[in-house]
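# Structural features, examined
Single-letter residue listing:
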Amino acid sequence: MFLRYVALLLALLGGPTLLLSAGHAQPDSEKALPMRPAPPPVIVVAVKGAIGVGTGHLIEEVLSRARNERVGLVVLRLDTPGGLVSATRDIIAAILASPVPVVLYVSPSGARAASAGTYIAYASHIAAMAPGTHLGAATPVQMGAPPSPAPQQRRDGDKPDGQTSGAMERKVLNDAVAYLRSLAQLRGRNADWAEKAVREGATLTAEEAVREKVVDLLAGNVGDLLDRLDGLTVRTVDGDRLLATRHARVIDIEPGWKSRLLAIVTDPNIAFILLMIGVYGIIFEFWHPGLGGPGIVGAICLLVGLMALSVLPVNLAGLGLLALGIGMMTAEAFTPGIGVLGLGGVVSFLLGGLFLFDPAGADIDFAVALPVVIGAAVTNALLFVGLLGMILRVRRRKVVTGAEQMIGLEGSVVDWQDGQGRIRVHGEVWSARAAAPLAPGTLVKVERRDGLTLHVEPTGGM
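Now for a look at the structure at hand. In this text the structure is predicted, and so the values were computed from the model without any measurement.

### What to know about the overall build of the chain
Counting its regular elements, the chain contains 14 helices and 16 strands. Taking all 462 residues of the chain together, the buried fraction comes to 39%. Considering only residue pairs separated by 6 or more positions, the chain has 66% of its internal contacts joining residues 24 or more positions apart. Carbon and sulfur atoms provide 61% of the accessible area of the chain, an area that totals close to 25800 Å².

### Overview of the environment of Leu262
Examined against the element boundaries, Leu262 turns out to sit in helix H9 (residues 257-265). Leu262 gets classed as buried once you look at its relative accessible area, which sits at 14%. With residues near it in sequence (within four places) discarded, Leu262 still touches Val53, Gly54 and His57.

### Description of the sheet that holds strand E6 (residues 134-136)
With respect to topology, 3 strands assemble into an open sheet ordered E4-E6-E7, the strand pairing being mixed. In this open sheet, the two edge strands, each paired with only one partner strand, are strand E4 (112-114) and strand E7 (203-205). Shown here is a sheet whose adjacent strand axes are inclined to one another by a mean of 15°, direction ignored. Pairing of E6 with E7, which is carried by 3 bridges, proceeds in the antiparallel orientation. Within E7, the residue paired with Leu135 across the bridge is Leu204. Packing against the sheet, helix H4 (residues 116-123) makes contact with E4 and E6, and its axis sits at approximately 100° to E4.

### Structural notes on the packing of helix H10 (residues 268-287) against helix H13 (residues 340-354)
One way to put it is that H10 packs onto H13 with a least axis distance of 11 Å and a crossing angle of 160°. Taken together, the axes of H10 and H13 lie roughly antiparallel to each other. The way H10 lies across H13 gives a crossing that is right-handed. Counted together, Phe272, Leu275, Met276, Val279 and Tyr280 of H10 and Val346, Phe349, Leu350 and Gly353 of H13 form the full contact between these two elements.

### Describing the sheet that holds strand E1 (residues 42-48)
Read from one edge to the other, the open sheet built from 6 strands follows the order E8-E5-E3-E2-E1-E11, with strand pairing classed as parallel. Unpaired on one side and paired on the other, strand E8 (217-218) and strand E11 (250-253) mark the two borders of the sheet. Sheet analysis places E1 next to strand E2 (residues 73-79), joined by 7 bridges and oriented parallel. Its bridge partner being in E2, Val45 is matched across the sheet by Leu76. Sheet contacts for helix H2 (residues 53-68): E1, E2, strand E3 (102-106) and E11; angle to E1, the most-contacted strand, approximately 180°.

### Describing H10
For H10, which comprises 20 residues, the first-to-last C-alpha distance of 29 Å matches the rise-based estimate of 28 Å (1.5 Å per residue) to within 8%. The N-capping residue of H10, defined by a side-chain oxygen 2.9 Å from the backbone nitrogen of Asn269, is Asp267.

### Considerations on the pattern of salt bridges
Counted under the stated rule, the structure contains 11 salt bridges. Arg181 is the partner of Asp192 in a salt bridge, and the nearest nitrogen-oxygen pair spans 3.4 Å. With Asp192 in helix H6 (residues 191-199) and Arg181 in helix H5 (residues 163-187), the pair connects residues that are 11 residues apart, well separated along the chain. A relative accessible area of 58% places Asp192 in the exposed class. When salt bridges that share partners are traced, they join Arg181, Asp192, Glu195 and Arg199 into one network.

### Re the layout of surface pockets
The calculated volume of the largest pocket comes to roughly 730 Å³. Lining the largest pocket are 35 residues, and of these Lys48, Gly49, Ala50, Thr55 and Ala263 lie nearest its centre. Residue contributions to the lining of the largest pocket peak at 5 residues, all from E1. Grouping the constituent residues of the lining of the largest pocket by class yields 18 nonpolar, 9 polar and 8 charged.

### Here we look at the packing of H2 against helix H3 (residues 85-96)
Contact pair H2 / H3: the axes reach a minimum separation of 9 Å and the direction vectors enclose 10°. One finds that H2 runs roughly parallel with respect to H3. Contacts from Val53, Thr55, Gly56, Ile59, Glu60 and Leu63 in H2 reach Ala87, Asp90, Ile91, Ala94 and Ile95 in H3.

### Considerations on the side chain of Thr55
Its location among the elements puts Thr55 in helix H2. In this view, Thr55 contacts Val47, Ala50 and Ile91; residues no more than four positions away in its chain are not counted.

What counts and how
Residues numbered from 1 in each chain as written. Predicted model: local features only at pLDDT ≥ 70, side-chain atom pairs only at ≥ 80, totals over all residues. Heavy atoms only, no water. Helix = DSSP H or I, 4+ residues; strand = E, 2+ residues; numbered from the N terminus. Buried < 20%, exposed > 50% of the residue type's maximum accessible area, 1.4 Å probe, protein only. Contact = heavy atoms within 4.5 Å. Areas by Shrake-Rupley, 256 points an atom, 1.4 Å probe, with all protein chains shown as cover. Pairing = 2+ DSSP bridges. Axes fitted to C-alpha atoms, helices over the stretch in contact; angles between N-to-C directions. Parallel < 35°, antiparallel > 145°, perpendicular 65-115°, else oblique. Left-handed = near helix turned anticlockwise from the far one by under 90°. Expected span 1.5 Å × (residues − 1). Polar contact = N/O pair within 3.5 Å; in protein donor to acceptor, adjacent residues only side chain to side chain. Salt bridge = Lys/Arg side-chain N within 4 Å of Asp/Glu carboxyl O. 1 Å grid on protein atoms, 1.4 Å probe; cavity = no way out; pocket = protein on both sides within 12 Å on 5 of 7 lines; lining within 4 Å. Points joined across faces, edges and corners; volume = space filled by probe spheres on them. Nonpolar A, V, L, I, M, F, W, Y, C, P; charged D, E, K, R; others polar.

What follows is the structure, encoded as structure tokens:
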């Protein structure tokens, strides 16, 4: 009996000992677990100002780099009033085809994603906004003007004037609505409000956009944004992607020189100024052959300006006026007159500048600024007034070269016989003829020149 109690006591003491040994062994097993890999880096790029060719090039370049470097996420910090339709569609196409998730982040406070920015927000895999921002107003710019009153019906029963333009407006508007609704359906966002943003120019604040399910979340800064995105699943063209963004390394991307250059030269004002410099540089080279500098600078500026026109929405009528103006000013350079061709060329060139860009190609007011046009007009006027004054002064000036320089000069008779002889003029001896008999030493004046013979008449002196 005693031995039985001893065995029971040993059993009771051995159980806790084994449990304690197992508990001490647990940390060793935890140390054997693999460490969590570091999350992939996140690219952040600031997109500020009007959406243009330079913006499209920058975003396409960033998405290509993200794909090649296996980046986990691309964040577009957006603040834009709108931009070119063609550039916006190129950016959206690049986002839709990107295997790397793209987050559209309207930031900082006070920023906006108006017009083109709204389309990009709907196309992005995730849309976020900072407090104090807004988006919307996606109506095409040519739709923003109040409609003109309908004209009277024609007597012959044809359709009223303006019906074609009205049908074109409806076509553009319906196309924009369908485009934005398709993006909303693709990303699971509010498609009804998307249509309202296009048809009525509706806008939303950041809080309202989250409530209306137009954007996905609010975030105060990039760090807060990455914390909120961590663990979300996003569908891309390569399938579902699980985001691991907390504590991820952030890479800030600045626009490269090519994107900056495209953004500068594709500004309508810069493109117009480059065209003016190019035209005048070439004209000055024609007026003063051999200088080289004006021609080289003019050719470079003209080619860069034409390159800008090739990627901008150009109005053919404005382009025709511009070409006509260039042709007339060039003709004035080849055949200088009293400036009629040059003045007409200036007027045509300026009108072409006013109507050079097609507003239907952008969703913001896209044209050469009026101060730039006025400055160009004043510059052209001053140049041609100075040119006309110079031409008139040259015409009044006495001829000092060529055959005509001899007319009006005075000389003396060297010898004379039978109505002809020789005279000394300007230190040279010339053959001469005269209607009156002349004696050696008589002062004469040259009336005209016939080859190497001067026709003279006496001045009355010796």
